[in-house]
Amino acid sequence: QVQLVESGGGLVQPGGSLRLSCTASGSIFSASTMGWYRQAPGKQRELVATITTGSTTNYADSVKGRFTISRANARNTVYLRMNSLKPEDTAVYYCNLKFSPWDYWGTGTLVTVSS
């Protein structure tokens, strides 16, 4: 069983920055594709960014050029650097670990972008 613990969320003004972290328990982190997803109030959960074991990244169009996903295998941690934040980025952000056939989720961290 893998546990994912997110941190780094909070309240930030438009144009500001935050860095989210997600640390995984267990020993499969380095062999897993990691991702960040988000769910805004009244909306479905959506992909934000993913990073493969070879550090190939993929981003939602809405965050390209503003968000950066990275990983530190030695720390079992994936990061999401978020710059130029907009009110529409307000959501609960979830960490995801995929190691076929398993799929694990964190409990989420709230990001609120508001003045």
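Residues numbered from 1 in each chain as written. Predicted model: local features only at pLDDT ≥ 70, side-chain atom pairs only at ≥ 80, totals over all residues. Heavy atoms only, no water.

Draft legend 1. Looking closely at the overall build of the chain. A tally of helices and strands in the chain yields zero helices and 11 strands. N-terminal to C-terminal, the α/β element order of the chain is β-β-β-β-β-β-β-β-β-β-β. For the chain, whose C-alpha radius of gyration is 13 Å, the value lies close to the compact-globule estimate of 13 Å for 115 residues. Summarising its shape, the C-alpha atoms of the chain cover approximately 40 × 25 × 20 Å along the three principal directions. In the chain, buried positions account for 43% of the 115 residues. (Helix = DSSP H or I, 4+ residues; strand = E, 2+ residues; numbered from the N terminus. Rg over C-alpha atoms; globule rule 2.2 N^0.38 Å. Buried < 20%, exposed > 50% of the residue type's maximum accessible area, 1.4 Å probe, protein only.)

Draft legend 2. View of the pairing of strand S3 (residues 18-24). The element S3 is extensively covered by neighbouring structure, given that five of its seven residues are classed as buried. As paired elements, strand S1 (residues 4-7) and S3 share four bridges and run antiparallel to each other. The partner of Leu 4 across the bridge, within S3, is Ala 24. (Pairing = 2+ DSSP bridges.)

Draft legend 3. Here's a closer look at the nonpolar core. Core analysis: the largest hydrophobic core is formed by 31 residues, its most contacted members being Leu 4, Trp 36, Val 78, Leu 80, Met 82 and Tyr 93. Listing elements by their share of this core, those giving two or more residues are S3, strand S4 (33-39), strand S5 (46-51), strand S7 (67-72), strand S8 (77-82), strand S9 (91-99) and strand S11 (109-113). Setting aside residues up to four positions removed in sequence, Met 82 forms contacts with Gly 16, Ser 17, Leu 18, Leu 20, Arg 66, Phe 67, Tyr 93 and Val 111. (Core = buried A, V, L, I, M, F, W, Y, C linked by side-chain atoms within 4.5 Å. Contact = heavy atoms within 4.5 Å.)

Draft legend 4. Geometry of the pattern of salt bridges. One pass over the full model with this rule turns up five salt bridges. A salt bridge links Arg 38 to Glu 46; the shortest N-O distance between them is 2.7 Å. Across the salt bridge formed by Arg 38 and Asp 89, the nearest N and O atoms sit 2.9 Å from each other. In this pair, Arg 38 sits in strand S4 while Asp 89 sits in the loop between S8 and S9, placing the two residues 51 residues apart along the sequence. Exposure remark for Asp 89: the relative accessible area of 1% places this residue in the buried category. (Salt bridge = Lys/Arg side-chain N within 4 Å of Asp/Glu carboxyl O.)

Draft legend 5. Here's a closer look at the sheet that holds S7. Taken in spatial order, the four strands line up as S1-S3-S8-S7 in an open sheet, and their pairing is antiparallel. Both edges of this open sheet fall to S1 and S7, since each of them pairs with a single strand only. Going from strand to strand, the sheet's axes swing by 15 degrees on average, the running direction of each strand aside. (Axes fitted to C-alpha atoms, helices over the stretch in contact; angles between N-to-C directions.)

Draft legend 6. Molecular detail of the packing of aromatic side chains. In this structure the tally under the stated criterion is two aromatic pairs. Their ring planes at 5 degrees and their centres at 6.1 Å tell us that Phe 99 and Trp 102 sit as a pair that is stacked. Residue classification places Phe 99 among the partly exposed positions, given a relative accessible area of 25%. When the ring centre of Trp 105 is taken as reference, the NZ or CZ atom of Arg 45 above it lies at 4.6 Å. (Phe/Tyr/Trp six-rings, centres within 6.5 Å; stacked < 30°, edge-to-face > 60°. Lys NZ or Arg CZ within 6 Å of the ring centre and 35° of its normal.)

Draft legend 7. Structural detail: the side chain of Glu 6. Mapping Glu 6 onto the fold places it in strand S1. In this structure, Glu 6 is buried with no salt-bridge partner, the nearest side chain bearing the opposite charge being Arg 45 at 7.6 Å. One polar contact links the side chain of Glu 6 to the main-chain amide nitrogen of Thr 107, over a distance of 3.2 Å. At 2.9 Å, the side chain of Glu 6 and the backbone nitrogen of Gly 108 are in polar contact. In contact with Glu 6, not counting residues within four places along its chain, are Ser 21, Cys 22, Trp 36, Tyr 93, Tyr 94, Cys 95, Gly 106, Thr 107, Gly 108 and Thr 109. (Lys, Arg positive; Asp, Glu negative; His and termini not counted. Polar contact = N/O pair within 3.5 Å; in protein donor to acceptor, adjacent residues only side chain to side chain.)

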